[in-house]
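Single-letter residue listing:
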Amino acid sequence: MAGFCVCCSALKPRYKRLVDNIFPANPQDGLVKSNMEKLTFYALSSRPEKLDRIGQYLERKLSTDISRHRNQYVFISMEILDQLLVSCHAHSLNLFVESFLKMVQKLLECGDPKMQIRATQSFVKFANVEEDAPSYHRRYDFFVSKFSSLCHNNHQDVQTCRKLRQAGLKGLQGVVRKTISDDLQVNIWEAVHMDKIVPSLLFNMQESNHGSDGDHGEADTPQEDDDPAHLAEVVFRDLICRASYGNIKSVLSPVLTHLDNHNLWVPNDFAIRLFKIIMFSVQSQYGYLVVQMLLSHVDKNAKSDPRIKTCIVTVLYEAVLISAGNSTGPSVLEVFNNLLRHLRISIDRKSSDEHQRNEEIKFEEVVVNTIGEFANNLPDYQKIEIMMFVLGKFPQFTNEEEIGKMDKQLSFNLLRTLLKVATKYKTVSLSQAFPPEFLHPLLRISLIDDPGMRIIVQEILHTLLDRHGNSFKLKHISLPEDISSLHLTIKTNDRHDLLFMKKSGMQLYWHILENLQLESNKVDNFEAIYCTMCLLGIEVGQDEVIIELVRLALDIQQMTLSSSLPKTHICAIHSLVVAFLNMLGQVTQVNALSLHALRVAENRENEAPYLLPDFAFNRKNRPNSWSELQESDLYPKDTEIKESCLFHQDRLAECLRSAGLDVTRLSTPFSARPNLGYGVGSGEGGTSVSDVGSINIDFENTDGSPRISKKTDEITVESLKKMLAEDSSAGKAEEERHRREIVHMFRSAPFEEIVARSEAISNHFHSKLNEILEIVSQDRIATEPQTQEIVYPKLFVY
């Protein structure tokens, strides 16, 4: 019988004999290394075409050993396959690989964990082998499904479960590495594969606190590579790094679906950590695709729980913090438009439920911060464009009655957004920071009848005007004798800034003046306006600007003397003027101006201390504070302000002239009604547009008119004859003087000032016209119900 076996063995092909000789009589001894070397040499040099037959023969032996539960021989067969796979790089390796993969598949299908782990180890070795020839027909669907199922293994034994999950994760990593570099093989980025791979990785990542601030001591470091969570994170990073432009969405879609299905947005600790991994791993030029995916997911959840929206936008915020400057991609305005649209939706969806309203407020806060971070990644010129874009989103209204509650909330949030973007902008030139398309709408918004919104507008101006960090040092109005205690940074002014002030300074001055006349102002409003005025003096403190600011201060004082504002407002404005002139004189080194301001402040200390900041900017003041102070006998009973407590043009002119400044324009106040001299009959003896505002119309009181006029002199034929007979020399002299003033103004005043005065006249004329029309309308309504006989004057009787 023994002789028969020897005879049969001799009849076998040589490759089978070489394979059989590798297996030892005792499987515990392992394979025979010398015979393994002979088989390898035979496959490489003597008969390379026999490699596929060797694989088929090993496959049959492996199947027999598995069916007979000869596990040791199974392991020897796999070791033989591994060594042949690593050593052989012949063109016929493809056929051998087919046999190899069939054996790996058979082991994975076994229920024995040791077999599955051993099969995974062989597959990983195969994944690291670079093949010489591409494969056209190889498929890995089974391996993706099997390795994904191993990642979710829940074996009762903890160590076994851990090892099986590790095997599944390493197997998925091997599949990705093997398929991603060969375009002829299966497309691993297809949804059918990614929907299995990505959730398997995320499941293991969320099972552990790896990567968080958990308690991982030094003793845990050596086992870190064996932690499924750590391994899953490594595989996930590798997957993200390998993703190209067209494949990013294939990975992110299952990520977002997984977070939705498992309610991992609230709380969003895991989501934030996950997207930090994504942003750190993705190629920098594709970072904006991650941002777009998150924005689209916010759209998808626009009507869901506000907490979910808040958490998603928070994740977006964290992603933007990491992203590079080009992460926002080419469609920058679309990103901002999307976020601003969600801001409007949130405002519209606020309900009476306090909890939901608070959640919506949190969402709006996160949106504003996220927009700011987006803007931080943009170049400066785009930040200005974004601010103009935000301004364009303001509700269109013409009066306070048309501003609804929702529009007020939207305007407030848009202003906060604008301020957030402005803080990210580094001003170099004022003309670049304040283009007319941005400055003029912003100044119009500064006149909204809401003190909180006006403060935000002033803060936006502070942020863009202040280039040396002085604004926070000027938040409170004071009268320092030496401003060195404030540690202000004052540098040489740029010539371009002076050109900007010549072009747009008049608009700033007029709006400052208008802001100070609003009765809804509070202490914060006055302090914000004071800061704006001081920053103008610090940042553009050149000769012409100094004169303009002193003119503005005089005009503010004159406006206060003739206004009907509350007493507390009047005190605050006078205090603001003295503090500003003192500050302006010191920052521009016009010492005579600051000394004069301190002298006026000293006079007020003795005669009218209520015109100093200590009283005027006391936040405890109320409209009745003035009367209470008068009743306490601490202040004079005479409410008229003494001349020694006011600033006078001639004295200020002397202070400025002593510093070598041209004070010619100081005599022209901003608030004076300008005579532009063009209009109907603008020639000699004609009526100019400016004259229209000074015409007083009185209606004769007749029996048919309910309105009582103040007519004092009766117009008769005799009086008309007398007027025609009078000498017109005085009138002609007045007209000539008026003409010279107009010519002088057009020759010396800047064009912007002329335009501003023209706008003021137009606004005044239209307001008067509206007032007249309103009176006529009221009179008509009042007379409609009455039926009475109309009595005509004698002049109309035939």
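Residues numbered from 1 in each chain as written. Predicted model: local features only at pLDDT ≥ 70, side-chain atom pairs only at ≥ 80, totals over all residues. Heavy atoms only, no water.

This next bit is on the packing of helix H4 (residues 51-67) against helix H5 (residues 71-87). Orientation of H4 relative to H5, taken along the N-to-C sense of each, is 160°, at an axis distance of 9 Å. One finds that H4 runs roughly antiparallel with respect to H5. Judged by the twist between their axes, the crossing of H4 over H5 is left-handed. Of H5, the residues touching H4 (which contributes Ile54, Leu58, Leu62, Asp65 and Ile66) are Tyr73, Val74, Ser77, Met78, Ile80, Leu81 and Leu84. Of the residues that constitute the contact of H4 with H5, the class distribution is 10 nonpolar, 1 polar and 1 charged. (Axes fitted to C-alpha atoms, helices over the stretch in contact; angles between N-to-C directions. Helix = DSSP H or I, 4+ residues; strand = E, 2+ residues; numbered from the N terminus. Parallel < 35°, antiparallel > 145°, perpendicular 65-115°, else oblique. Left-handed = near helix turned anticlockwise from the far one by under 90°. Contact = heavy atoms within 4.5 Å. Nonpolar A, V, L, I, M, F, W, Y, C, P; charged D, E, K, R; others polar.)

Time to look at the packing of helix H16 (residues 332-348) against helix H17 (residues 354-376). Where H16 meets H17, the closest approach of the two axes is 10 Å, and the angle between their N-to-C directions is 165°. Classed by the angle they form, the pair H16 and H17 counts as roughly antiparallel. Between H16 and H17 lies a crossing whose hand is left-handed. Only Glu360, Phe363, Glu364, Val367, Thr370, Ile371, Phe374 and Ala375 of H17 make contact with H16, whose side of the interface consists of Val335, Phe336, Leu339, Leu340, His342, Leu343, Ser346 and Ile347. Residues belonging to the contact of H16 with H17 are distributed by class as follows: 11 nonpolar, 3 polar and 2 charged.

Compared with the 16 Å implied by 1.5 Å per residue over 12 residues, the 17 Å span of helix H18 (residues 380-391) between its first and last C-alpha is a close match. Buried residues of H18: Gln382, Lys383, Ile384, Ile386, Met387, Val390 and Leu391, and no others. (Expected span 1.5 Å × (residues − 1). Buried < 20%, exposed > 50% of the residue type's maximum accessible area, 1.4 Å probe, protein only.)

So, about the pattern of salt bridges. Scanning all chains against the criterion turns up 23 salt bridges. For Arg242, the salt bridge identified is with Asp238, shortest N-O distance 3.0 Å. Note that Arg242 and Asp238 are positioned in helix H11 (residues 228-242) at a spacing of 4 residues, about one turn of the helix. Residue Asp238 is classed as buried on the basis of its relative accessible area, which comes to 16%. Across the salt bridge formed by Lys383 and Asp380, the nearest N and O atoms sit 3.5 Å from each other. One end of the pair is Lys383 and the other is Asp380, both in helix H18 and 3 residues apart, which spans about a single turn. What makes Asp380 partly exposed here is its relative accessible area of 29%. Sharing partners across several salt bridges, the network here consists of Asp82, Arg118 and Lys125. (Salt bridge = Lys/Arg side-chain N within 4 Å of Asp/Glu carboxyl O.)

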